[in-house]
Amino acid sequence: MSVRHSGIGMTSSRTRIRMIERLREQGIRDEMVLAAMGSIPRHLFVEEALASRAYEDVALPINYGQTISSPWIVGRMSELLRNGGDNLLRKVMEIGTGCGYQTAVLAKIAGEVYSIERIGPLLTRTRIRLRDLDIRNIHLKHADGMCGLPEAGPFNGIMMTAVVPEVPEILLEQLAMGGRMVFPKGNKRQYLCVIDHTAEGFVEMILDEVMFVPILPGIISR
Ligand code: SAH
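As the structure is a prediction and not an experimental result, all values here were calculated from the model.

Visitor: Give me the overall build of the protein: which residues, what numbers.
Guide: Counting its regular elements, the protein contains seven helices and nine strands. Its C-alpha radius of gyration of 17 Å places the protein within 12% of the 17 Å reference for a compact globule of 222 residues. Relative to its full complement of 222 residues, the protein shows a buried share of 51%. Long-range pairs, those at least 24 residues apart, make up 54% of the contacts in the protein between residues at least 6 apart in sequence. Total accessible area on the protein is roughly 10,900 Å²; 54% of this is exposed by carbon and sulfur atoms. Of the charged side chains in the protein, 26 are positive and 25 negative; the average position of the first set lies 7 Å away from that of the second.

Visitor: Just give me the short version of the nonpolar core, but keep the residues and values in it.
Guide: Among the nonpolar cores identified, the biggest contains 47 residues, and Leu23, Met37, Phe45, Ile68 and Tyr101 are the most heavily contacted of them. When near neighbours in sequence (up to four residues on either side) are disregarded, methionine 37 contacts Arg16, Met19, Ile20, Leu23, Pro71, Val74, Gly75, Tyr101 and Val105. In this structure, Tyr114, Ala143, Ala152 and Met160 belong to the second largest nonpolar core, which totals 19 residues.

Visitor: Please provide a residue-by-residue account of the packing of aromatic side chains, values included.
Guide: Tallied over the full model, the rule gives two aromatic pairs. Ring centres 5.5 Å apart and planes at 75 degrees place the aromatic pair phenylalanine 45 and tyrosine 101 in the edge-to-face group. Highlighted residues: phenylalanine 45 in the loop between helix 3 (31-39) and strand 1 (60-61) and tyrosine 101 in helix 5 (residues 101-109), separated in sequence by 56 residues. Summarising the aromatic geometry, the rings of tyrosine 114 and phenylalanine 155 are spaced 5.8 Å apart at their centres and angled 65 degrees between planes, so their arrangement reads as edge-to-face. Of the two residues, tyrosine 114 is situated in strand 4 (residues 110-117) and phenylalanine 155 in strand 6 (residues 155-160); the sequence distance between them amounts to 41 residues. The exposure classification of tyrosine 114 matches that of phenylalanine 155, with both residues buried. Here arginine 42 stacks its cationic end above the ring of tyrosine 101, 4.8 Å away from the centre of that ring.

Visitor: So what's going on with helix 6 (residues 120-132)? Which residues, and what values?
Guide: Over its 13 residues, helix 6 extends 19 Å from the first C-alpha to the last, a length consistent with the 18 Å expected when each residue adds 1.5 Å. Where helix 6 is concerned, the buried positions are Gly120, Pro121, Leu122, Leu123, Thr126, Arg129 and Leu130. Buried residues belonging to helix 6 abut helix 5, strand 4 and strand 5 (138-142). Phi for aspartate 134, located one or two positions after helix 6, is positive at around 60 degrees.

Visitor: Outline the side chain of threonine 103, supporting the account with residue identities and numerical values.
Guide: Positionally, threonine 103 belongs in helix 5. Here glutamate 94 takes part through its side chain, which lies 2.6 Å from a polar atom of the side chain of threonine 103. With residues near it in sequence (within four places) discarded, threonine 103 still touches Glu94, Thr97, Val113, Ser115, Leu130, Ile138 and Leu140.

Visitor: I'd like a description of the site of the ligand, backed by residues and values.
Guide: The environment of the ligand is made up of 26 residues, and the closest members are Cys99, Glu117, Asp144, Gly145 and Leu216. One nitrogen or oxygen atom from the side chain of glutamate 117 is found 2.6 Å from an oxygen atom belonging to the ligand. Measuring from a nitrogen atom of the ligand, one finds a backbone N or O atom of glycine 145 at 2.7 Å. Out of a free accessible area of 570 Å², the ligand has 99% covered by protein chains. A majority-of-atoms criterion places the ligand in the largest pocket. If you list the elements that add at least two residues to the shell around the ligand, you get strand 2 (67-68) and strand 4. Split into classes, the residues belonging to the shell around the ligand amount to 13 nonpolar, nine polar and four charged.

Calculation criteria
- Residues numbered from 1 in each chain as written.
- Predicted model: local features only at pLDDT ≥ 70, side-chain atom pairs only at ≥ 80, totals over all residues.
- Heavy atoms only, no water.
- Helix = DSSP H or I, 4+ residues; strand = E, 2+ residues; numbered from the N terminus.
- Rg over C-alpha atoms; globule rule 2.2 N^0.38 Å.
- Buried < 20%, exposed > 50% of the residue type's maximum accessible area, 1.4 Å probe, protein only.
- Contact = heavy atoms within 4.5 Å.
- Areas by Shrake-Rupley, 256 points an atom, 1.4 Å probe, with all protein chains shown as cover.
- Lys, Arg positive; Asp, Glu negative; His and termini not counted.
- Charge placed at Lys NZ, Arg CZ, Asp CG, Glu CD.
- Core = buried A, V, L, I, M, F, W, Y, C linked by side-chain atoms within 4.5 Å.
- Phe/Tyr/Trp six-rings, centres within 6.5 Å; stacked < 30°, edge-to-face > 60°.
- Lys NZ or Arg CZ within 6 Å of the ring centre and 35° of its normal.
- Expected span 1.5 Å × (residues − 1).
- Polar contact = N/O pair within 3.5 Å; in protein donor to acceptor, adjacent residues only side chain to side chain.
- Near = heavy atom within 4 Å.
- 1 Å grid on protein atoms, 1.4 Å probe; cavity = no way out; pocket = protein on both sides within 12 Å on 5 of 7 lines; lining within 4 Å.
- Sits in = over half its atoms within 2 Å of the grid points.
- Nonpolar A, V, L, I, M, F, W, Y, C, P; charged D, E, K, R; others polar.

Read these as geometric descriptors, not functional statements.
Right, here's the structure in full:
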């Protein structure tokens with residue numbers, strides 16, 4: 001078999017089904033999340049040279065020194081955000097669009113997705129990719145996501161895909177009552193952190209140890 005053919009094999013729907021089976025073995029249980037990840041061609045979110053590795057459980061480089069999160073992380077964070085609900089989340093905000101894979105998953109588990117990215121050229125490519133995949137319920141914004149989007153909120157879910165040292169208060173203010181925020185927190189060691197907006201206030205949970213690129217200030221235009 002030629003290299004080209006084996007390349008195609010590695011990105012087939014069978015490979016994607018195997019990824020979903022692996023996610024189940026790794027403890028991802030939310031059927032809506034698994035269905036979303038089973039329907040999105042992850043290999044189209046990485047450079048062609050890496051396409052054959054897109055379904056492995058690894059983070060891969062995208063451009064501008066950033067990384068696409070591993071399938072397990074995307075599954076885990078999406079499942080945490082859904083919090084076992086029966087319905088679609090109504091409105092979700094993501095900070096750190098990157099290549100847009102997590103954004104595409106969010107678009108399947110939420111009615112409307114707002115996603116913010118600070119690196120302009122990265123966002124331009126992601127915008128084209130998501131448009132080509134005909135994913136329409138998303139609003140992409142080139143901005144410093146640390147301020148959130150007060151004009152579009154409050155949100156039923158907020159997800160950050162880059163690590164922060166502390167809980168960003170300004171984002172919590174944009175979390176609707178009953179809503180949940182999922183993000184990596186820490187310095188040398190990082191942990192997935194969940195904050196629920198309950199009638200009694202904000203309730204925090206610290207979960208798995210993880211590894212993310214940092215949230216950075218300001219925007220890059222080209
Ligand atoms: N979910 C993305 C993760 C990309 S890595 C994916 O799987 O592709 C994290 C992303 O957060 C990077 O694209 C980085 O540029 C972006 N980012 C970092 N700080 C940011 C900020 N202050 N505002 C918006 N985006 C930010």
